[in-house]
Amino acid sequence: MQVTRALEPLLPLCQRLLPNLPGLPAVPLRLAGLSAALLKATALEIAILAGHLLLYPSGIIQERRAAASTDDPGAGTGGTTSADGGDGPVPLPTQAPPPVVLLHGFIDNRSVFVLLRRSLAQHGRHRVESLNYSPLTCDIRTAAELLGRHIEEICTRTGSSRVDVVGHSLGGLIARYYAQRLGGDVRVRTLVTLGTPHSGTRVAPLANAHPIVRQMRPGSALIEELSRPAPGCRTRFVSFWSDLDHLMDPLESACVDHPDLLAENIRVTGIGHLALPVHPAVATGIRQALDAAPEDAETAPAAGGLTVA
């Protein structure tokens, strides 16, 4: 019985991994739900957590802001001097993709995106910036306003009119509030969220002492605010949610479900919450979501799947 009580926090996840089978007692069924997939994902989560703890100090300080480079393809509109030094017109460079802004989750920092940044840079996304918000932040709305100021500064500095945003966990909720409720859809072209509790999560009730955790509960004032009409919102939303995410209860709370939003929900099979911003297969999916042209996004399927393990 002691073992059973210890496993109770995992039972919602276990019941999804193994459908109910007739004739099996409840306790053995719940224990059987601890499948090889769950054990593998848990081992990966522990390994990622250990590595992230080592990297965490490197991400505490805000990164230095660099001016737009003249070597950045598409950073400017091009000159009027030909290659041979004449005054004839030269072909304009291909327009660069928008800058990418990375926003971390609760009690975390930009170090969680080390591997994702490298993947984006290797595939042509050279303008990537991270924002650290304070772990003492107690209101998602305040953090969203800070994000808005940060994005305005990026647009001014780079000359880009819009940005793409990738938010992990709480970071995705902050970015969604900015885009949907603060007029940020003017600036945010595509918002990719990774394990974000769009409908609220019931996990870890003891953490309710923190105001931001209370805002992430189902039925909170903030979650209710995000469910209100948002006609004309121009941001495209792509949500990656995992069937082994131990921080989402219910699991589908990580999906964007709003009639006014252009949203695509992509189910990830085989990894947990911490692996979403780290796993190379998810990074590939993120790049594909960011590279999709607006006309492609309007005709994209409403849901997709990604098996990574």
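Residues numbered from 1 in each chain as written. Predicted model: local features only at pLDDT ≥ 70, side-chain atom pairs only at ≥ 80, totals over all residues. Heavy atoms only, no water.

### Side note on the overall build of the protein chain
The helix and strand tally for the protein chain stands at 11 helices and 7 strands. Out of the 309 residues in the protein chain, the part that is buried amounts to 46%. Split by element, the accessible area of the protein chain, about 15200 Å² in all, is 61% carbon and sulfur. (Helix = DSSP H or I, 4+ residues; strand = E, 2+ residues; numbered from the N terminus. Buried < 20%, exposed > 50% of the residue type's maximum accessible area, 1.4 Å probe, protein only. Areas by Shrake-Rupley, 256 points an atom, 1.4 Å probe, with all protein chains shown as cover.)

### Comments concerning a nonpolar patch on the surface
On the surface, Leu55, Val114 and Leu115 cluster together to form a nonpolar patch covering roughly 220 Å² of accessible area. Position of Leu115 among the secondary structure elements: in helix 5 (residues 114-122). Exposure remark for Leu115: the relative accessible area of 42% places this residue in the partly exposed category. (Patch = residues over 30% accessible without salt bridge, like charges linked within 9 Å, V, L, I, M, F, W, Y side chains within 5 Å. Salt bridge = Lys/Arg side-chain N within 4 Å of Asp/Glu carboxyl O.)

### Quick look at the pattern of salt bridges
Under the definition given, this model contains 14 salt bridges. Of the charged contacts in the structure, one is a salt bridge between Arg157 and Glu153, with a shortest N-O distance of 2.6 Å. Taken as a pair, Arg157 and Glu153 lie in helix 6 (residues 140-158) at a separation of 4 residues, close to a single helical turn. For Asp185, the salt bridge identified is with Arg234, shortest N-O distance 3.0 Å. In this pair, Asp185 sits in the loop between helix 7 (170-181) and strand 4 (188-194) while Arg234 sits in the loop between helix 9 (221-226) and strand 5 (236-242), placing the two residues 49 residues apart along the sequence. According to the relative accessible area criterion, Asp185 is buried, its value standing at 8%. In this structure, a network of salt bridges that share partners links the residues Arg125, Asp164, Arg189 and Asp291.

### Structural notes on helix 10 (residues 280-291)
A rise of 1.5 Å per residue sets the reference length of helix 10, with its 12 residues, at 16 Å; its end C-alpha atoms lie 16 Å apart and thus fit the reference within 8%. Val282, Ala283, Gly285, Ile286, Arg287, Ala289 and Leu290 are the residues of helix 10 that are buried. (Expected span 1.5 Å × (residues − 1).)

### Observations regarding the environment of Cys233
Mapped onto the elements of the fold, Cys233 is located in the loop between helix 9 and strand 5. With residues near it in sequence (within four places) discarded, Cys233 still touches Ala179, Gln180, Asp185 and Leu261. (Contact = heavy atoms within 4.5 Å.)

### Describing the pairing of strand 1 (residues 100-103)
The side-chain alternation of strand 1 yields two buried faces, one formed by Val100 and Leu102 and the other by Val101 and Leu103. Bridge count between strand 1 and strand 3 (residues 163-168): 4 bridges; the pairing is parallel. Each residue of the ladder has a partner; that of Val100, found in strand 3, is Asp164. (Pairing = 2+ DSSP bridges.)

### Quick notes on the pairing of strand 5
It is a general feature of regular strands that their side chains alternate between the two faces of the sheet. Across the 7 residues that make up strand 5, a large majority, 7, are buried. As paired strands, strand 4 and strand 5 are joined by 5 bridges and run parallel to one another. Residue Thr190 lies in a different strand from strand 5, and its bridge partner there is Arg236.

### Concerning unusual backbone geometry
Asp249 connects to Pro250 through a cis peptide bond whose omega is 5°. Relative to the assigned elements, Pro250 resides in the loop between strand 5 and strand 6 (262-269). Even without being glycine, Ile107 reaches a positive phi, approximately 50°. Here the phi dihedral of Ser169 falls at roughly 55°; this positive angle occurs in a residue that is not glycine. Mapped onto the elements of the fold, Ser169 is located in the loop between strand 3 and helix 7. You can call Ser169 buried: its relative accessible area is 11%.

### Some points on the confidence of the model for the protein chain
Summary statistics for the protein chain give a mean pLDDT of 81 and a share of 75% for residues scoring 70 or more. In this model, residues 1-11 is a region of pLDDT below 50 whose contacts with residues beyond four sequence positions or in other chains number 5 contacts. Here residues 17-27 is a poorly scored stretch, pLDDT under 50, and it has 12 contacts once near neighbours within four places are set aside; other chains count. (pLDDT = per-residue confidence, 0-100.)

### Points about the packing of helix 6 against helix 7
Look at helix 6 against helix 7: their axes get within 8 Å of each other, and the N-to-C directions meet at 75°. The angle between the axes of helix 6 and helix 7 places the two elements in the roughly perpendicular class. Along the contact surface, helix 6 presents Ile140, Arg141, Ala143, Ala144, Leu147, Gly148, Ile151 and Glu152, while helix 7 presents Leu170, Leu173, Ile174, Ala175, Tyr177 and Tyr178. Taken together, the residues that form the contact of helix 6 with helix 7 break down as 11 nonpolar, 1 polar and 2 charged. (Axes fitted to C-alpha atoms, helices over the stretch in contact; angles between N-to-C directions. Parallel < 35°, antiparallel > 145°, perpendicular 65-115°, else oblique. Nonpolar A, V, L, I, M, F, W, Y, C, P; charged D, E, K, R; others polar.)

### Things to note about the packing of helix 5 against helix 10
How two helices pack is summed up by the angle between their axes together with the distance between the axes. Packing of helix 5 against helix 10 leaves a shortest axis separation of 10 Å and a crossing angle of 50°. Compared by their axis directions, helix 5 and helix 10 come out oblique. Like other packed secondary-structure pairs, helix 5 and helix 10 cross with a definite hand, here right-handed. Contact residues: helix 5 offers Leu116, Ser119 and Leu120, while helix 10 offers Ala283, Ile286, Arg287 and Leu290. For the contact of helix 5 with helix 10, the per-class residue count stands at 5 nonpolar, 1 polar and 1 charged. (Left-handed = near helix turned anticlockwise from the far one by under 90°.)

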